[in-house]
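Residue-level structure breakdown
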Amino acid sequence: MELSTRVNPKDYEDDIYAFWLKNNLFHADENSLALPYSIVIPPPNITGSLHLGHALNVTLQDILIRFHKLKGYETLWIPGTDHAGIATQNVVDRKLAKEGISRAELGREKFVEEVWKWRGVSGSSILNQLKRLGVSCDWERERFTMDGDLSAAVKKVFVSLYREGLIYRSNYMVNWCVRCHTALSDLEVDFEDEAGFMYNMRYPLKEGGFVEIATTRPETYLADSAVAVNPADTRYKRLIGKTVILPIINREIPVIADEYVDMALGTGCLKVTPSADPNDFVIGKRHALPEFQCMDESGVIVVSPFDGLDRFAARKKVVDEFARLELMGEVSPITHSVGHCYRCAGVIEPRISLQWFVKVKSLAEKAVEAVENGKTRILPKVWESNYFEWMRNIRDWCISRQLWWGHRIPAWHCKCGHITVSEDDTPSVCEKCGGTEITQETDVLDTWFSSALWPFSTQGWPKETGLLKKFYPTSVLVTAFDILFFWVARMMMFGLKFMGEVPFRDVYIHALIRDEKGEKMSKTKGNSIDPLEMADAYGADVLRFSLAIFAAQGRDIRISKARIEIYRNFLNKIWNASRFIFINLDSELPDIKKIEIAELRDEDRWILTKLKSAVNTVEGSILNYCFNDAAAALYNFFWNSFCDWYIELIKVRIFKDDGKAAALAAAVYVLRKALAAMHPFMPFVSEHIWKNLTGGKTILEEGWTVGDFDFPGETAKIDRIIEFIGIVRNIRGEYNISPAKVLAVYATPKEAEIAHIIKEKEVLINSVTRLSAINFVDTFPDEAAAGAAADYTVHVPLAGLADIAGERARLTKECERLEKDLQAVSARLKNEGFLAKASHTIIEKDTLKKAELEKQILNIKTALEALASK
RNA sequence: GGACGAUUAGCUCAACUGGUAGAGCAACGGCCUUACAAGCCGUAGGUCGCAGGUUCGAUCCCUGCAUCGUCCACCA
């Protein structure tokens with residue numbers, strides 16, 4: 001095969017993906033006898049475009065899926081998209097507006113048609129972007145939350161919960177977005193600190209005088225039903241039961257006593273607006289106060305004389321009018337948090353309206369239990385407490401949305417007042433009175449309602465499918481923490497409720513991606529990095545590997561182009577190491593099994609052993625979701641052990657055809673296993689090289705093996721050789737002795753065990769650091785640079801090579817460093833407390849270390865003396 | 001207001017249940033050595049945020065503080 005000197009992922013990534021698809025390698029077989037491993041993708045919104053968060057999310061899932069494929073599991077990874085009610089409706093709304101079409105004119109049916117049209121064109125673009133990253137989803141099983149069978153599942157769940165009394169309809173205070181014209185759940189409101197004003201306003205008492213209340217929303221006075229004071233507040237006690245007159249609109253309202261009022265806050269008098277504030281709503285219920293609306297669903301005031309004004313214009317007008325009437329007290333700037341719609345960012349208005357709710361308490365209890373019992377693990381564990389905290393304080397879930405795009409609530413209203421809830425698409429009669437004039441509820445369901453069914457609705461529920469039988473519960477859910485409550489918690493509740501079993505064994509919560517300064521990435525800030533751009537520039541493999549190696553548990557990921565570029569170099573390294581091996585291969589691929597064990601030299605055995613331990617580390621790390629450790633283990637093994645040492649060590653054998661066959665067989669073997677281990681992280685390049693190596697096979701068939709070889713003795717030996725080479729190189733480096741200069745090296749003592757090892761490997765050593773001779777002696781040469789290992793010293797005569805004073809200074813410094821270490825260890829070993837209480841192994845280790853240090857220091861001192869003699 | 005996390009080399013991050021700190025990148029010095037200069041070899045860099053405490057011994061455990069970040073709740 002031909003490989004260019006530099007890797008160019010564009011040359012092969014698309015082809016490789018096509019190759020996988022063509023060979024149906026991502027398809028899950030529900031009839032397989034292999035152990036199942038399954039994941040459902042967190043369905044991206046159809047309005048979404050790929051960002052780094054998605055890239056990280058799917059990379060981690062793909063690593064898990066491909067790893068388990070290699071391990072021989074039957075893997076299922078279901079892809080799909082979410083219809084994303086508000087987000088999508090807004091997008092299409094804006095698109096139509098640009099074309100001069102208003103939603104209202106169009107009407108519901110036509111509008112929904114338009115959304116479907118839009119979805120057909122743009123709705124799966126994000127999935128195509130995922131493909132560019134190499135994800136191994138089973139594309140035949142792609143699902144959409146509004147697919148027919150998924151919608152049927154939604155209906156079934158709704159009807160069943162309703163019949164059980166777990167879904168109810170009630171007039172309640174909800175968060176209302178005046179722009180999206182819909183209710184929002186508590187979770188869908190984003191609070192942000194904003195600068196505003198606290199207005200002190202005076203309400204005249206009927207009997208004369210005033211009460212002064214404080215508010216940040218003066219316009220809501222139009223809907224006031226009372227003024228409340230704390231019953232214990234001596235300042236206002238006399239006012240309780242009196243009447244105040246709301247200025248301008250001249251409504252008479254009572255002064256009431258309620259313990260909710262905090263005497264220390266504001267003026268101690270609280271205006272009570274049951275229709276516009278959640279707390280006031282509760283107070284209103286307690287005192288049976290009337291509820292006045294002051295604005296409509298668009299945030300336009302409906303109370304004369306302010307009617308027709310927008311809420312913020314009305315605020316200004318109210319403030320002006322109060323001031324004119326000399327009823328405005330102090331106005332002070334404050335910072336307070338204001339709720340915003342999580343989709344359109346408009347300011348939320350609390351509003352009383354008739355909505356549908358799910359009674360979640362009993363469901364939540366089960367979901368808590370399941371995690372307590374370990375049926376589902378939430379990892380990293382710190383998130384578990386968040387989950388418990390939220391689940392234990394959960395409030396009923398408002399599931400109705402006043403939108404057009406979404407699952408329309410399967411309820412029909414009859415003139416008789418009865419609501420018929422039915423799975424039947426078009427029930428013709430009221431189930432109570434038999435009347436035929438029934439109309440369907442106009443509200444749709446919260447998007448997360450259908451998402452909550454995702455782990456089983458995507459597998460065919462409510463049918464008892466083979467898929468469900470084999471792959472439910474799913475093995476793991478991989479997601480970021482920001483949808484832990486929105487989604488994970490609700491899947492837990494619904495999974496337990498309708499499948500009688502948790503939806504996943506593990507929940508792995510991964511990091512959030514930030515820019516290099518640690519700030520959240522966003523398009524508006526202009527600090528976002530486009531994953532597709534990165535994939536194009538460096539290859540999808542590089543992006544994936546970067547994300548994986550940064551994905552340490554419990555920590556956000558800071559990313560920048562520069563940090564990604566580092567791993568482009570790694571890709572190039574993999575490429576070139578493979579190229580080197582290819583170049584030296586004969587026509588037939590060597591097979592280590594055809595090589596006599598005896599032909600494997602120590603360095604071959606060394607790399608085979610290192611391979612095994614590296615792959616073991618990778619496997620263990622993946623299983624513990626420590627993706628960064630796994631990636632780092634691969635990086636270090638491949639670059640350091642395999643490229644820097646092993647390939648360098650066997651070059652002489654390859655070039656001189658001395659033990660070449662065994663070297664190449666071992667090299668190919670290691671390369672193959674390493675590529676397989678790398679495959680979950682860098683699927684394209686590993687597959688590409690594999691294909692070329694094997695003549696068109698897929699790496700997925702090779703499977704995951706740790707390697708069959710383990711030679712601890714030989715490995716230790718080569719480790720010592722590496723140490724020796726390191727000492728010589730160090731001396732070369734320190735004195736700028738050219739690598740080309742052939743050196744004579746002396747080592748001592750003659751009888752050291754290492755002497756035999758080094759003698760035996762002289763040729764090997766010479767091949768990587770040129771030495772004319774290695775002499776083991778008992779007396780040191782004069783004027784020599786020295787380097788020390790624990791049990792021997794290396795000397796390189798410096799005559800004509802470097803300055804003696806410099807070497808003396810260097811050795812002195814080295815000596816000082818070692819003595820400092822020695823001092824610490826000795827002190828500890830003299831400490832009676834330490835000797836009495838520390839474990840034997842620690843004491844032994846320290847004793848050994850002390851002896852080593854002493855020897856090393858002695859060696860260096862002797863070397864120094866030798867230098868001093870001249 | 002409640003809670004959680006982070007703080008380690010210039011940068012980005014490691015260090016299992018306490019045994020005295022490691023890697024990559026950057027920096028510096030030297031190499032175009034026939035896979036790779038997107039490379040090779042080597043060197044230097046840290047009172048582990050601050051202050052106490054427990055312990056023979058603390059980056060690790062406890063307390064307090066500081067800075068940064070996040071979540072939840074409240075906000076008249």
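The written sequence of each chain sets the order in which its residues are numbered from 1. Ligands are numbered from 1 and chains lettered from A, in the order in which they are written. pLDDT decides what is reported in this predicted model: residues at 70 or higher carry local features, side-chain atom pairs at 80 or more are listed and counted, and totals for whole chains, interfaces and linings draw on all residues regardless. Processing note: side-chain calculations cover all non-hydrogen atoms of the structure and skip hydrogens and water entirely.

This next bit is on the overall build of chain A. Working definition: helices are DSSP H or I runs of at least four residues, strands are E runs of at least two. Numbering for both runs from the N terminus. Looking only at helices and strands, chain A has 28 helices and 29 strands in total. Projected onto the principal axes, the alpha-carbon positions of chain A cover approximately 115 × 65 × 55 Å. The classification of residues rests on relative accessible area computed with a 1.4 Å probe and restricted to protein chains. Under 20% of the type maximum is buried, over 50% is exposed, and intermediate values are partly exposed. A total of 870 residues make up chain A; the buried ones form 54% of that total. The long-range share in chain A, meaning contacts at least 24 apart out of those at least 6 apart in sequence, stands at 78%. The protein chains shown are the only cover counted for residues, whose accessible areas, like all others here, come from Shrake-Rupley with a 1.4 Å probe. Here chain A displays about 38200 Å² of accessible surface, and carbon together with sulfur accounts for 50% of that area. The criterion used for residue contact is that any of the two residues' heavy atoms lie within 4.5 Å.

So, on to the nonpolar core. F638, F642, F681 and F724 are the most contacted members of the largest nonpolar core, which has 147 residues in total. Other than its neighbours up to four places away in sequence, F724 contacts V745, I758, I765, L771, I774, Y792 and V794. Buried Ala, Val, Leu, Ile, Met, Phe, Trp, Tyr and Cys residues form a nonpolar core when they are joined through side-chain atoms within 4.5 Å. Counting residues in hydrophobic clusters, the runner-up holds 62 residues, among them L161, I419, A489 and F498.

Here the focus is the protein's contact with RNA strand B. Whether a residue is near a molecule or strand is decided by its heavy atoms; if any one of them lies within 4 Å of it, the residue is near. As a structural note, the neighbourhood of RNA strand B is formed by 52 residues, with M198, N279, S337, R563 and K837 the closest of them. Each atom of RNA strand B within 4 Å of the protein was assigned to sugar, phosphate or base; sugar and phosphate come to 62%. Nitrogen and oxygen atoms within 3.5 Å of one another constitute a polar contact, given that in protein one can donate a hydrogen and the other can accept it, and given that sequence-neighbouring residues count only through two side-chain atoms. In this structure, D262 approaches RNA strand B through a main-chain N or O atom, which is 3.0 Å from a base nitrogen. Contacts to RNA strand B include R579, whose side-chain N or O atom sits 2.5 Å from a sugar or linking oxygen. Counting residues per element, the ones that place at least two in the surface near RNA strand B are strand 7 (189–204), strand 8 (210–215), helix 18 (561–584), helix 20 (627–655), helix 23 (712–734) and helix 27 (832–837). Here the surface near RNA strand B takes 10 residues from helix 18, the largest share from any one element.

This paragraph deals with the sheet that holds strand 20 (residues 438–440). Reading across from one edge, 19-18-20 is the order of the 3 strands in this open sheet, with antiparallel pairing throughout. Two strands close off the open sheet at either side, each with one partner strand: strand 19 (419–421) and strand 20. Averaged over neighbouring strand pairs, the angle between their axes works out to 30° when direction is ignored. Alignment of strand 18 (residues 411–414) against strand 19, held across 3 bridges, turns out to be antiparallel. If you follow W412 over to strand 19, its bridge partner there is T420. In this analysis, strands are considered paired if DSSP registers two or more bridges between them. Interaxial angle, 0 to 180 degrees, is taken between N-to-C directions of lines fitted to C-alpha atoms, where a helix line uses only the stretch in contact.

What follows covers the confidence of the model for chain A. Predicted confidence across chain A gives a mean pLDDT of 87, with 97% of residues reaching 70 or more. Across the predicted assembly, pTM comes out at 0.88 and ipTM at 0.92. Note on scores: pLDDT gives the predictor's confidence for each residue, bounded by 0 and 100.

All right, on to helix 9 (residues 311–324) then. With 14 residues, helix 9 should reach 20 Å at 1.5 Å per residue; the first-to-last C-alpha distance of 20 Å fits that figure. Considered for burial, the residues of helix 9 that qualify are R311, A314, R315, V318, V319, E321 and F322. In an axial view of helix 9, the angular spread of the buried residues amounts to 165°, which keeps them on one side of the axis. Facing away from the buried surface of helix 9 by more than 90 degrees, the exposed residues are K316 and R324. Looking at the buried residues of helix 9, the elements they touch are strand 7, strand 13 (328–341) and strand 14 (348–358). N-capping of helix 9 is provided by D310, with a side-chain oxygen placed 2.9 Å from the backbone N of F312. Two residues or fewer past helix 9, E326 is found with a positive phi of approximately 60°. Helix span, expected: 1.5 Å multiplied by one less than the number of residues in the helix. Of all possible arcs, the one meant is that of the directions from the helix axis to the C-beta atoms.

What makes a salt bridge here is a side-chain nitrogen of Lys or Arg within 4 Å of a carboxyl oxygen of Asp or Glu, nothing more. Here the structure, examined in full by the defined rule, presents 56 salt bridges. For K117, the salt bridge is made with E114, and the minimal N-O distance between the two is 3.1 Å. With K117 and E114 both in helix 5 (residues 108–122) and 3 residues apart, this pair spans about one turn of that helix. The class of K117 is exposed, set by a relative accessible area of 53%. Notably, a salt bridge pairs K271 with D224, separated by 3.1 Å at the nearest N-O pair.

Time to look at the packing of helix 16 (residues 531–538) against helix 18. Where helix 16 meets helix 18, the closest approach of the two axes is 11 Å, and the angle between their N-to-C directions is 35°. For the element pair helix 16 and helix 18, the recorded crossing hand is right-handed. When helix 16 is examined against helix 18, the residues E533, M534 and Y538 are found in contact with a partner set consisting of K561, I564, E565, R568 and L571. In this classification, the charged set is Asp, Glu, Lys and Arg, the nonpolar set is Ala, Val, Leu, Ile, Met, Phe, Trp, Tyr, Cys and Pro, and all remaining amino acids, among them Gly, are polar. Its residues assigned to classes, the contact of helix 16 with helix 18 shows 4 nonpolar, no polar and 4 charged. Handedness of a crossing is defined here by the sense of rotation of the near helix relative to the far one, left-handed for an anticlockwise turn of less than a right angle and right-handed for a clockwise turn.

Our next topic: the sheet that holds strand 15 (residues 377–379). Read from one edge of the open sheet, 3 strands run 15-23-22, paired in parallel fashion. The sheet is open, and its two edges are formed by strand 15 and strand 22 (474–480), each paired on a single side. Sheet twist, expressed as the average angle between the axes of neighbouring strands with direction ignored, equals 15°. Sheet analysis places strand 15 next to strand 23 (residues 504–510), joined by 3 bridges and oriented parallel. Residue R377 lies in a different strand from strand 23, and its bridge partner there is D506.

Turning our eyes to something else, we now look at the pairing of strand 11 (residues 251–257). Two faces make up the sheet, and in a regular strand the side chains alternate between them. As defined by bridge partners, strand 9 (residues 226–229) adjoins strand 11 across 3 bridges and the pair is classed as parallel. Of the residues in strand 11, the one forming a bridge with V227 is V255. Alignment of strand 10 (residues 243–246) against strand 11, held across 4 bridges, turns out to be antiparallel. Directly across from V244, in strand 11, lies its bridge partner I253.

Turning our attention to the packing of aromatic side chains. Working definition: a ring pair exists when centres of Phe, Tyr or Trp rings (six-membered ring for Trp) sit within 6.5 Å. Plane angles under 30 degrees give stacked, over 60 give edge-to-face, the rest tilted. Throughout the structure, instances matching the rule amount to 48 aromatic pairs. Centre to centre, the rings of W20 and F26 are 5.9 Å apart; their planes meet at 50°, and the pair counts as tilted. Pairing Y635 with W639 gives two aromatic rings, centres 5.5 Å apart and planes at 40°, and the pair type is tilted. Here Y635 and its partner W639 are both found in helix 20, 4 residues apart, which amounts to about one turn of the helix. Three or more aromatic residues joined by ring pairs make a cluster, and in this case those are F158, Y162, W356, W397, F449, F456, W461, Y472, F494 and F498.

To continue, consider the packing of helix 23 against helix 24 (residues 753–760). Where helix 23 meets helix 24, the axes come as close as 10 Å, and the angle between the chain directions of the two elements is 85°. By the criterion of interaxial angle, the relationship of helix 23 to helix 24 is roughly perpendicular. Seen from helix 23, the contacting residues are K717, R720, I721 and F724; seen from helix 24, they are I754, I757, I758 and E760. In terms of residue class, the contact of helix 23 with helix 24 is made up of 5 nonpolar, no polar and 3 charged. Any angle that is under 35 degrees is reported as roughly parallel, and any over 145 degrees as roughly antiparallel; angles of 65 to 115 degrees are reported as roughly perpendicular and all others as oblique.

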